[in-house]
Amino acid sequence: MSEFPTQARVVIIGGGAVGASCAYHIAKAGWDVVVLEKNELTAGSTWHAAGNCPSFSTSWAVMNMQRYSLDLYRRLADEVDYPMNYHVTGSIRLGHSRERMQEFERACSMGRYQGLDLEMLAVSDLKARYPFLETHDLTGALYDPDDGDIDPAQLTQALAKGARMAGARIERFCPATGVSRDSDGWIVHTDKGDIRCEKVVNAAGYYAQRVGEWFKPYGGRTVPMAVMSHQYFLTEEIPALKEWSAENGKLPLLRDVDSSYYLRQEKNGLNLGPYERNCKAHWVTPDDPMPEDFSFQLYPDDLERLEWHIEDAMARVPLLGEGGVGRNINGPIPYAPDGLPLIGPMPGVPDAFEACVFTFGITQAGGAGKVLAEWVTEGQTEWDMWAVDPRRYTDYTDPQYCIDKAIEVYGHEYAMHFPHHEWPAARNRKLSPVHDRILAQGGVMGAYNGWERANWYAQPGDDTSEAATHTWDRNGPWQPRIREECHAVRDAAGLLDLPGFSRYRLQGEGAAEFLRGLCTGGIPKVGRIGLLYFADDRGRIVTEMSAMRLDEDDFFLITAAAAQWHDLEWLQRHAPAGAGFTLTDVTRDFACQILTGPKSRDILATLTEADLTQPWLTHQSAQLDGTWVQLVRVSFAGELGWEVHSKIADTPRVYDAIMAAGQTQGLKPFGMYALNSLRLEKGYRAWKGDLSTDYSMLEGGLERFVKLDKPQAFPGQAALMAEKQQGPKKRFVTMVVEAGAADAPYMSTVWHDGEIVGETTSGGWGHRIDASIALGMIRRDLATPGTELEIDIYGERRRAVVKADQPLWDPQNERLKA
């Protein structure tokens, strides 16, 4: 046996399926990697995992990741010469409603775009695929031919063997006990000795939060997660199933997603795994502490929680009732607040990464290893992975938040995520200074990076129930109110309370030079505000920020609420050592109202002596009703307007003054749904929808923000110059759609002459132009005005027309610049 390793480029803490996959991919990239496992490989959630392997997801990024996993698993056994029980049986997802079938249609379209052979099934098709099924109350189903199950332990051992073959070291029975850091990098401590490394990965499964605490002295935070108890039980042998299987093979995996369980053939019995509403979190109270070592252990059986699901499953597949319970598995499964894993840079900590909190770790392990290896070895990923980026959660994920959300997500594991639905658990984490006023005006709230904002304003008698939002359709109680809000902005004025803008103060010697060298274009002059775009080395869109220049080396940088930690980390990572400037997150110090509409100047004129004739894209400090504000002449709504920035303590007075002054001018409060409609009509891009690292700056139609002749090279400059010469493969376009009841959601496929030619990046109804709008990326040769296309909207192909590269509303920006 070789000596204990004391040096590595990468150390991975955790030897489950995900840790082994990370080691496999990092080692195959040629990097020196060591895995530390406190017990035997698979000792955590991996060993008791059911091992189901779906490709299905309604997240583009997660579907990409799972698709990659299944492709890897098909070839892995031969590649590393390690036998695996991998059964590709296909699966059937049952639909009980029109809404569920619409969800299936959307996933089916996305899957086909990624090369998956997903198939919609009619009720009449089901008996041929699953003869033991009762179908009388079903609407249809989705068939995934690539679904199946794999032995989690064999998968992990095969990945570990592949990692070793590529040079990785795997230290079993060697728990990490802590980390420290010096000028040379990380030191990972174990009872067998210390290991120095450049980068460290937390892949500790349900112990990830405990491991994460080690990184707090170096800028870390508590890992947002909770541990849930998940049960599934195996029946004894069922003679009728044994007889059928002898002639026909293994049954497809069955998921009754509306009843919330999966049912899988296991040898000649069945495996039933429900996700029950009356679920249970573990290790969250003083009388139930997390043990030091829970390797290869389970919780006591608690089958009473599953009674409803067992009865429902037996009614759906009566064959289930012919097998007694052979064994029950009740084990810990980690949950992030949205049910998706944490894969990527550890927030606030240099050269540290997370690959943890996997609820579906077996089907995602292969893709997670690929993505994590790209983060570690290249600093960027092939696909935009914001859906699983750890930085999507910021400072509001306290322990109770994580518990409440984990219980909610677990109990709604197969829930549909409707566009106007807001999940109710763990709300009111961050409130606007005028939150009480917003509620009193009828605000129906949504959470944005923990901040509560009004989505729309209800009037007495409007249905604001959660049930009313369970639709993919455009129309609902909100629709006439959104229209009224948009028309108020068009004809008079609207006021949007917008807490939680992410904002940073960049000031000191060299600040301007730093920004100029990092962004793709120019920076604004003193007294002006401008959009800055930042690209990665491939020229792909990393983020967009508004830069408000106060002095030569003094800036306010403003970005999306969700981007708070992401964009801060981007700036910090690129700041030179020993810089003469400071970068400070001041998000919680200020609030903002957007006052916009043709009468907004008249309203402000009654409250301030500021120069309201200053042009578009300027800003000024002013007194508004005796209170300091920063008036910024911009409007994401595309009308004459100002952002009114104020200190948190002063915001109620500012808000009340504007509302009072606007009463005679037709001023109405408006919400985020109206703002989305207004920005679509202007073709303004939304962060991590229209703006993502899946697209280059040139594909995104952002040439006017790119200066390829800048003397100071910026990230992605060479790649963009090469792309400019060859021409981008895709182009960003605005399309008007002959939509039916629903508008195009994110990642709807765009068709031309019977083939997929692109995808939508966002969509919705424009109330000023009375039309359905879709923004998207399509094949370059089709991106000419007048081209007729089709967009798949929940299974219906709807005619769409490419419009000119200008706003649909006020194309010359005359109203904006009035």
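Please refer to the structure placed before this passage.
Conventions and cut-offs
- Residues numbered from 1 in each chain as written.
- Predicted model: local features only at pLDDT ≥ 70, side-chain atom pairs only at ≥ 80, totals over all residues.
- Heavy atoms only, no water.
- Helix = DSSP H or I, 4+ residues; strand = E, 2+ residues; numbered from the N terminus.
- Rg over C-alpha atoms; globule rule 2.2 N^0.38 Å.
- Buried < 20%, exposed > 50% of the residue type's maximum accessible area, 1.4 Å probe, protein only.
- Contact = heavy atoms within 4.5 Å.
- Lys, Arg positive; Asp, Glu negative; His and termini not counted.
- Charge placed at Lys NZ, Arg CZ, Asp CG, Glu CD.
- Core = buried A, V, L, I, M, F, W, Y, C linked by side-chain atoms within 4.5 Å.
- Bend = angle between axes of the 7 residues up to and from the residue.
- Pairing = 2+ DSSP bridges.
- Axes fitted to C-alpha atoms, helices over the stretch in contact; angles between N-to-C directions.

### Some remarks on the overall build of the protein
Line of reasoning, step 1. Summing up its helical and strand segments, the protein has 19 helices and 38 strands in all.
Line of reasoning, step 2. The C-alpha radius of gyration computed for the protein amounts to 27 Å, which stays within 12% of the reference 28 Å derived for 818 residues, consistent with globular compactness.
Line of reasoning, step 3. Expressed as lengths along the three principal axes of its C-alpha atoms, the size of the protein is roughly 85 × 65 × 60 Å.
Line of reasoning, step 4. In the protein, which comprises 818 residues, the share counted as buried stands at 61%.
Line of reasoning, step 5. Contacts in the protein between residues at least 24 apart in sequence constitute 72% of all its contacts with a sequence separation of at least 6.
Line of reasoning, step 6. Positive and negative charge centroids in the protein, built from 83 and 113 side chains respectively, lie 5 Å apart.

### Details of the environment of Leu680
Line of reasoning, step 1. Within the fold, Leu680 resides in helix 18 (residues 672-682).
Line of reasoning, step 2. With 93 residues separating them along the chain, Leu680 and Ile773 place their C-alpha atoms 6.9 Å apart.

### Some remarks on the nonpolar core
Line of reasoning, step 1. Counting 52 residues, the largest nonpolar core has Ile12, Ile26, Tyr73, Leu76, Val201 and Leu372 as the members making the most contacts within it.
Line of reasoning, step 2. Of all elements in the fold, only strand 1 (7-13), helix 1 (17-28), strand 2 (33-36), helix 3 (60-80), helix 6 (152-165), strand 19 (352-356) and helix 10 (361-378) reach the threshold of two or more residues within this core.
Line of reasoning, step 3. The dominant element in this core, judged by the number of residues it contributes, is helix 3, at 9 residues.

### Regarding helix 10
Line of reasoning, step 1. Helix geometry: helix 10 is bent most strongly at Gly367, by close to 35 degrees.
Line of reasoning, step 2. Among the 18 residues of helix 10, 16 are classified as buried, and the element is accordingly described as predominantly covered.
Line of reasoning, step 3. Directly after helix 10, the chain includes Gly379, whose backbone phi takes a positive value near 80 degrees.

### Considerations on the sheet that holds strand 37 (residues 788-793)
Line of reasoning, step 1. Read around the barrel, 6 strands follow the order 33-36-35-34-37-38 and close on themselves; strand pairing throughout is antiparallel. Within this sheet the neighbouring strands show an average axis-to-axis angle of 40 degrees, counted without direction.
Line of reasoning, step 2. The pairing of strand 33 (residues 730-737) with strand 36 (residues 771-779) spans 8 bridges and is classified as antiparallel. Each bridged residue has a counterpart across the sheet, and for Lys730 the counterpart in strand 36 is Arg779.
Line of reasoning, step 3. Across the face of the sheet, helix 18 comes into contact with strand 35 (755-766) and strand 36 while running at roughly 125 degrees to strand 35.

### A look at unusual backbone geometry
Line of reasoning, step 1. Phi at Lys267 takes a positive value of approximately 55 degrees, unusual for a residue other than glycine.
Line of reasoning, step 2. Residue placement: Lys267 occurs in the loop between strand 14 (261-266) and strand 15 (269-274).
Line of reasoning, step 3. Of note in this structure, Asp810 is not a glycine but carries a positive phi near 50 degrees.
Line of reasoning, step 4. Note that Asp810 resides in the segment after strand 38 (796-802).
Line of reasoning, step 5. Asp810 gets classed as buried once you look at its relative accessible area, which sits at 9%.

### Description of the pairing of strand 19
Line of reasoning, step 1. With 5 of its 5 residues buried, strand 19 lies for the most part within the structure.
Line of reasoning, step 2. Pairing between strand 11 (residues 193-202) and strand 19: 3 bridges, direction parallel. Its bridge partner lying in strand 19, Val201 is registered against Phe353.
Line of reasoning, step 3. When strand 18 (residues 342-345) meets strand 19, the two strands line up antiparallel, connected through 4 bridges. Directly across from Gly344, in strand 19, lies its bridge partner Glu354.

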